[in-house]
Amino acid sequence: MRFIFYTHSLISDWNHGNAHFLRGVMRDLIRRGHEALALEPEGAWSRDNLLRDQGEGAIDRFHATFPELQSEVYGEDFDHGAALSDADVVIVHEWTDPNLVEQIGRIRRDGASFTLLFHDTHHRAVSAQDDIAGLELADYDGVLAFGETLRERYLKAGWGRNVFTWHEAADMTLFKPMPEVEKTGDLIWIGNWGDDERTAEIAEFLVRPTKELGLNATVRGVRYPDTALAALEDAGIRYGGWIANADAPRAFAEHRVTMHIPRRPYVENLPGIPTIRVFEALACGIPLISAPWDDAEQLFRPGTDFLVARNGDEMKDRLKQVLADPQMAGDLAISGLETVRSRHTCRHRVDELLAVLGECGTQRVVQKLATAEAAE
């Protein structure tokens, strides 16, 4: 089948974690014999910022790293009807311009035979509810929400007739242990600043414990204000700026422990959504210690797959334990990796996507799925 993904950007992962997941999903679809194309808008803030930050070389690097992935940039004069004429499945991300969201829905309503899905991987349903409520989704066959609590929000608000939980996951062809890499540091945290959504949490769970323990620590990410950079420097934490997602596995491999610091909107209003870095870190076999979040859907085994620190003092204690006890660190790494491999890879998510299409797909798609299943 031919899958078309409207996304903010496939090419750029600058402050844009959904690109990680979409790349993995598209790669798995291609490995299964499907076609996959991403369409992204001109002037996308992620791609523009990446170019300003890193230059054209970062774009070239994407194409060299993922030669099988195709993305086309569209402008105001782009003919969306023509682009979708041979599509079987169209998946529209929630960062897509609202007018275009509605236009694609009209194309579907006016007789197009593709299955049309809306994909939400953000907290705007609670932090900017009017933005999501204003989207015209009546002509969409289904909604993919990246957590059960988000799915329930859509259902309660009437923002879609078929709403499915579709978590993010790790691309295991990219994220995997690298035991041959020498460990040169204690702690790494890969995360963006986040619009003041976790300022206090970063100070409590990362900066203070690192400073008090005197750890050899590195932070990678973007949008850190001068005050944050000064705090990192004061704590002796190296700041490395943006990191290409394809380089994250090696960065994890070079360090002995990492952490998860969730953004406040997820903790307070969308429990059960860990965001993609947890999946990716555990897939790399690095011990992980997390600030509090509610694993409401039992995606993992807290205490076994990763440790939980309720406050900064506990984070300090957990870091000391993991760094001083190779057996504990190894057990955490093995358990986390086992859970991701068994439940949370992009291969699993593509299986789930195909199951969704079997449930709410158009006749054309359901028939193609049945033909493919019969041929296996």
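Everything below is about the structure shown above.
Worth saying up front: this structure is predicted, and the values here are computed from it rather than measured.

*Asks:* What am I meant to see in the nonpolar core here?
*Replies:* General note: in soluble globular proteins, nonpolar side chains tend to be found buried as a group. Judged by nonpolar contacts, the single largest core of 62 residues is most densely connected at Phe3, Phe5, Phe300 and Leu357. The biggest single contributor to this core is helix α16 (residues 346-360), with seven residues. When neighbours within four sequence positions are excluded, phenylalanine 3 is seen to be in contact with Leu29, His34, Glu35, Ala36, Leu37, Val89, Leu353, Leu354 and Leu357. One finds Val92, Ile104, Ala112 and Phe118 within the second-largest nonpolar core, a separate group that totals 34 residues.

*Asks:* Help me out: how do you make sense of the sheet that holds strand β4 (residues 89-93) in this one?
*Replies:* Either a parallel or an antiparallel arrangement is found when strands of a sheet pair, and the pairing is made through backbone hydrogen bonds. With respect to topology, seven strands assemble into an open sheet ordered β3-β2-β1-β4-β5-β6-β7, the strand pairing being parallel. Two strands bound the open sheet, and with one partner strand each, they are β3 (71-74) and β7 (163-165). Ignoring strand direction, the axes of neighbouring strands in this sheet form an average angle of 25°. By the bridge criterion, four bridges tie strand β2 (residues 35-41) to β3 in an arrangement that is parallel.

*Asks:* Looking at this structure, I do not really get the pattern of salt bridges. What am I missing?
*Replies:* Pairs can form between side chains of opposite charge once their charged atoms are near each other. A complete count under the given rule lists 32 salt bridges for this structure. Residue aspartate 186 pairs with arginine 256 through a salt bridge whose shortest N-O separation is 3.3 Å. Taken as a pair, aspartate 186 in strand β8 (residues 185-190) and arginine 256 in strand β11 (residues 255-260) lie far apart in primary sequence, 70 residues in all. With a shortest N-O distance of 3.3 Å, aspartate 313 and arginine 208 are connected by a salt bridge. Of this pair, aspartate 313 sits in helix α14 (residues 312-324) while arginine 208 sits in helix α9 (residues 199-213), placing them 105 residues apart in sequence. For arginine 208, a relative accessible area of 32% gives the class partly exposed. In the salt-bridge network here, residues are joined through shared partners; they are Asp28, Arg31, Arg32 and Asp351.

*Asks:* Could you clarify how one ought to interpret the state of the cysteines in this entry?
*Replies:* Here a disulfide denotes a covalent bond joining the sulfur atom of one cysteine to the sulfur atom of another. Taken as a whole and judged by the stated rule, the model has zero disulfides. Left unpaired, cysteine 360 is separated from the closest cysteine sulfur, that of cysteine 346, by 20 Å. Residue cysteine 360 is classed as buried on the basis of its relative accessible area of 10%.

*Asks:* How should I be thinking about the sheet that holds β8 in this particular structure?
*Replies:* Ordered by their spatial adjacency, six strands build an open sheet running β10-β9-β8-β11-β12-β13, and the pairing between neighbours is parallel. Because the sheet does not close on itself, it has two edges, and the strands there are β10 (238-239) and β13 (307-308). The pairing of β11 with strand β12 (residues 288-290) spans three bridges and is parallel. Residue pairing in the sheet places methionine 259 in a bridge with isoleucine 289 of β12. Sheet strands touched by α9: β8, β9 (217-220) and β11. Its angle to β8, the strand with the most contacts, is close to 160°. Most of the contacts of α14 go to β11, to which it runs at about 155°, and overall it touches β8, β11, β12 and β13.

Basis of the calculations
Residues numbered from 1 in each chain as written. Predicted model: local features only at pLDDT ≥ 70, side-chain atom pairs only at ≥ 80, totals over all residues. Heavy atoms only, no water. Core = buried A, V, L, I, M, F, W, Y, C linked by side-chain atoms within 4.5 Å. Buried < 20%, exposed > 50% of the residue type's maximum accessible area, 1.4 Å probe, protein only. Helix = DSSP H or I, 4+ residues; strand = E, 2+ residues; numbered from the N terminus. Contact = heavy atoms within 4.5 Å. Pairing = 2+ DSSP bridges. Axes fitted to C-alpha atoms, helices over the stretch in contact; angles between N-to-C directions. Salt bridge = Lys/Arg side-chain N within 4 Å of Asp/Glu carboxyl O. Disulfide = S-S within 2.5 Å.

No statement about biological role is implied by the geometric values presented.
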